[in-house]
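Residues per chain, in single letters:
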Amino acid sequence: MTTSTGFDVRRIGGRIGAEIHGVDLTTELAPALISEINTALLEHKALVFRGQHLDDAGQLRFAALFGELTTAHPTVPAVDGQPHILPVDGEEGIRANQWHTDVTFVRTPPKASTLRGIVIPPYGGNTLIANSAAAYRDLPEPLRELADKLWAVHTNDYDYAAPKSEKAAEHRRQFVSRKYRTAHPVVRVHPETGERGLFIGGFAQSIVGLGPSDSRDLLRLFQSYVTRPENIVRVAWNPGDVVLFDNRITQHYAPDDYGDLPRLLHRVTVAGDIPAGVDGKHSHVIEGDDASHYTPAAV
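Worth saying up front: this structure is predicted, and the values here are computed from it rather than measured.

Our next topic: the overall build of the protein. In terms of helices and strands, the protein carries 6 helices and 16 strands. Expected size for 299 residues packed as a compact globule is a radius of gyration near 19 Å; at 18 Å, the protein falls within 12% of this value. The dimensions of the protein, computed from C-alpha atoms along their principal axes, are 50 × 45 × 35 Å. Of all 299 residues assigned to the protein, the portion counted as buried reaches 56%. Taking the contacts inside the protein whose residues are at least 6 apart along the sequence as the reference set, 82% of them involve residues at least 24 apart. If the 30 positive side-chain charges of the protein are averaged to one point and the 37 negative ones to another, these points end up 4 Å apart.

In C-alpha cells:
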C-alpha cells in the first residue's frame, strides 16, 4: 500500500507486521508523515525500517516523535552517557528468551518500543512479535468473558532471564534491586483504537483472587493464544535496521539460538499511559514506587 505521503507499507505477516519503504529516518520527518507512520503502527502493531543506520541521537530523535521518552529501565543501567537507551547485549549473557511486554511490572508501561540493530549474528538472533489483540479475538466467547473480568499481578521479581554467567547474575541482581508488583487488567483496552488485547506475558505471575496453581493454569491458557504461529511475525535483523512496535498490544521474544556469537541492539521506549480494563478501571501499584524516575507518564 502506498500512503498519501509517498511511502510504502508492505505487510510481512498475516496478522501483524509491516515493512516501511521510502522513509529515511536520518532526515527530519514532516508531521503528516509521522501521523501516517503512527496510523500504520496502530494497524500493523510492528513496523520494520530496513537499513537506516541511525546513531544513538538519531534513534532518540525518531522515538521522541511518538511521545516523551522513558529512561532506559526502572532498575537496569543505561548505555554510558545515554540515560534513555538500554543496551540489549547477548554477550553479557542477558537473553530475554521469554514472551513479554516491556516493563509491565510498573503502573505505566511504555507506549511503544524502538529497537536498533547494531551487532547482528550471521544466523539466529531474530525477534518475534505477537499480536495480543488477535489472540483476544481468537478466544472462545466463554474465555473472552472470563478474561474481561480478570486482573493479573505483574512483577520483576522472578527468573525473567536465567543467569548463565557472573555478568548475567549481576544483571539479575540489578533487575530486582527495586521490586515492583502492579495489578493490570488481563484484557487491556487500547487507548487509541479501542481494541481489546490480552495484557499478560512473562511479568504476569498470578491472577488476583486465585491461588498459584489456578493462576498458572489460566495464564498459560491465555498465553497459548498469544503465541499461536498465525499471531506472530519473525523479524530477521540486519545491522542498521530499526523496529518500532506498539507495546500496549503486543508481546515479543528473542530466541536464544545464536550460541556464543555477539548480538547488540539498543532500545528506546516511549512513555505510556495507565492501562484500563473493559470496565474502565485502571491499573494500580501493589508494591514499589510510582516509577516516576523511569517514566514521565507516572501520575
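The structure having been displayed, the exposition proceeds.
Its 15 residues place the ends of helix α6 (residues 212-226) 21 Å apart at the C-alpha level, agreeing with the 21 Å of an ideal helix rising 1.5 Å per residue. For α6, the full list of buried residues reads Ser215, Leu218, Leu219, Phe222, Gln223, Tyr225 and Val226. All buried residues of α6 project into a common sector of 145° when viewed along the axis, lining one side.

Moving on to the sheet that holds strand β11 (residues 204-207). Strand order in the open sheet formed by 4 strands is β11-β7-β8-β16, with antiparallel pairing between adjacent strands. Across the chains shown, the open sheet's two edge strands, defined by having one partner strand only, are β11 and β16 (284-287). Pairwise comparison of adjacent strand axes, ignoring direction, gives a mean angle of 35° for this sheet. By the bridge criterion, 3 bridges tie strand β8 (residues 181-185) to β16 in an arrangement that is antiparallel. Bridge pairing in β16 places Arg181 opposite Glu287.

Across the 5 residues that make up β8, a large majority, 4, are buried. In the sheet, strand β7 (residues 151-155) pairs with β8 via 5 bridges, with the strands oriented antiparallel. Across the sheet, His154 pairs through a bridge with Thr182, a residue of β8.

The rules behind these values
- Residues numbered from 1 in each chain as written.
- Predicted model: local features only at pLDDT ≥ 70, side-chain atom pairs only at ≥ 80, totals over all residues.
- Heavy atoms only, no water.
- Helix = DSSP H or I, 4+ residues; strand = E, 2+ residues; numbered from the N terminus.
- Rg over C-alpha atoms; globule rule 2.2 N^0.38 Å.
- Buried < 20%, exposed > 50% of the residue type's maximum accessible area, 1.4 Å probe, protein only.
- Contact = heavy atoms within 4.5 Å.
- Lys, Arg positive; Asp, Glu negative; His and termini not counted.
- Charge placed at Lys NZ, Arg CZ, Asp CG, Glu CD.
- Expected span 1.5 Å × (residues − 1).
- Arc of directions from axis to C-beta.
- Pairing = 2+ DSSP bridges.
- Axes fitted to C-alpha atoms, helices over the stretch in contact; angles between N-to-C directions.

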